[in-house]
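Residue strings, one per chain:
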Amino acid sequence: SGSPSGKLVWRLAEKRCANFGTCGLNGGETSGTSQINHLLLAQFQEGERLLQTGQCDRVRPVVDEIISLMTVPLVQGSLRYAYKIGEQPEERSQKNAAEGAIFTAAVLPLVHECNVAAAKTISDEMKFGLYDQGVFPDFAAVKAAFESTYDCLGITCADVGGLSDTGVAAACSKTSPWPDIAGYTPGSDVTKHANLDLDQQALVQALKGGTPNWELAEDWYAVGGYSLSGKAPNGLRTMKGFSTGAEGKMYNNCDGCPYKTFSAFYDYYGDFDYADKWVSAALDGTNMAFSSGRHGPNDFATLGDAARIEAVKKGTAYMNVWMYVIREFEDAIDDCTSCTGDNCNEFSLNGGSVHAWDEGVAFYAGSLEGASGSPSGKLVWRLAEKRGANFGTCG
């Protein structure tokens, strides 16, 4: 029934559950049999049953689950000693540093299979020799690196538990180096991308009042100001650029080109830059027609300010940005299926594809929605919230 005399992985799970508050059938306790061992016993018994009845093809998922569960004490051990050496000067010793290095060595190949960068971070912080050089691990960096691979490892923050400021068991607390976006936790930094909605906010503000400032609104649309981009010619991404660059990014020069949804819009309007033609004509007060002749003509020269204002502020958000959100999700699929380099296998985080996916969410919601949604939002997320109230589709 289990004994403190044990020397193998079962006993490690028992020790670490007391440290991380993951003892008990449902976890959350600091004494008793570890939740991991409770779960492992169930899997051991299920594997035995399947083999006894000749159901060989059903054993593989059981083994996969066992591997995930056996990984938890190794992660806990790594974190425990990263904390001791990194955060508790009184606990710093060659013995504790060695324990941390050994625990990480035992789990690093699995982390590397999930995320090469995360494995490098952990190794760089925990490997042998650092203690003798007076170099101590950055616990927060080690914790965040492990947590970035939990989904891939098949474990959760609750499985691992947590440590308090004094190094004793505490509730699970998952670290995210980047802010949530309207309830979504990104796997990469898309803060600058989400700031695009600040350009939209400034554009809308320029059009308020008795005399719309068309020139200023056009500047926010075509030049931008808040959404920094190292790839853009002027260092800023723009809502105009989402449309003027659409042919190359959604129709001709991408692995999955032409993208299905963009193709439908191009086929309908006959213009790759249909969104920019609409918004630019509304800003300039000029007449325009799509090349297909459909949904027009749009005589912005005579429609008046009220119509032009709506055409601009709705067009930028729901034509330019809306389509680019889809472009990012399509690009994520392209990055995943054509990925090259270390981060490319069925278990990998595929950093490029995750970043593209995060960009799509950032452009859909924007920074003004905050971590959980806010009436201040200016992009497509906020439209869904408004229309949900109108059509009884909230909740």
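Structure shown above.
Parameters and conventions
Residues numbered from 1 in each chain as written. Predicted model: local features only at pLDDT ≥ 70, side-chain atom pairs only at ≥ 80, totals over all residues. Heavy atoms only, no water. Core = buried A, V, L, I, M, F, W, Y, C linked by side-chain atoms within 4.5 Å. Buried < 20%, exposed > 50% of the residue type's maximum accessible area, 1.4 Å probe, protein only. Helix = DSSP H or I, 4+ residues; strand = E, 2+ residues; numbered from the N terminus. 1 Å grid on protein atoms, 1.4 Å probe; cavity = no way out; pocket = protein on both sides within 12 Å on 5 of 7 lines; lining within 4 Å. Points joined across faces, edges and corners; volume = space filled by probe spheres on them. Nonpolar A, V, L, I, M, F, W, Y, C, P; charged D, E, K, R; others polar. Disulfide = S-S within 2.5 Å.

Colleague: Explanation requested: the nonpolar core in the structure shown.
Modeller: The biggest cluster of nonpolar side chains holds 39 residues, and the ones touching the most others in it are L203, F262, Y274 and V312. When residues of this core are traced back to their parent elements, those giving at least two are α10 (196-206), α11 (214-222), α12 (239-244), α13 (246-252), α14 (260-269), α15 (274-284) and α17 (305-337). The element best represented in this core is α17, accounting for 8 residues. Within the second largest apolar cluster, 36 residues are counted, among which are L12, I36, I66 and V160.

Colleague: Sorry, what's going on with the layout of surface pockets here?
Modeller: In this approach the atoms are scanned with a rolling probe the size of a water molecule, which exposes any empty space left behind. Quantified by volume, the second largest pocket comes out at close to 590 Å³. Residue lining of the second largest pocket: 27 residues in total, with S229, K231, R237, K249 and Y324 positioned closest to the centre. Broken down by secondary-structure element, the contributors of at least two residues to the lining of the second largest pocket are α12, α17 and α18 (351-365). For the lining of the second largest pocket, the class distribution of residues is 9 nonpolar, 10 polar and 8 charged.

Colleague: Is there a simple way to think about the state of the cysteines in this case?
Modeller: Two cysteines form a disulfide when their sulfur atoms are joined by a covalent bond. Tallied over the entire structure, the rule returns 3 disulfides. In this model, C114 is linked to C152 through a disulfide, with the two sulfur atoms separated by 2.1 Å. The disulfide joining C114 to C152 has a torsion of about -85° about its S-S bond and is therefore left-handed. One end of the pair, C114, is in helix α4 (residues 94-114); the other, C152, is in helix α7 (residues 150-153), with 38 residues separating them in the sequence. Since its relative accessible area comes to 3%, C114 is described here as buried. At a sulfur-sulfur separation of 1.6 Å, the disulfide partner of C254 is C257. With the S-S bond torsion at 100°, the cross-link from C254 to C257 turns out right-handed. Here C254 falls in the buried class, since its relative accessible area comes to 18%.

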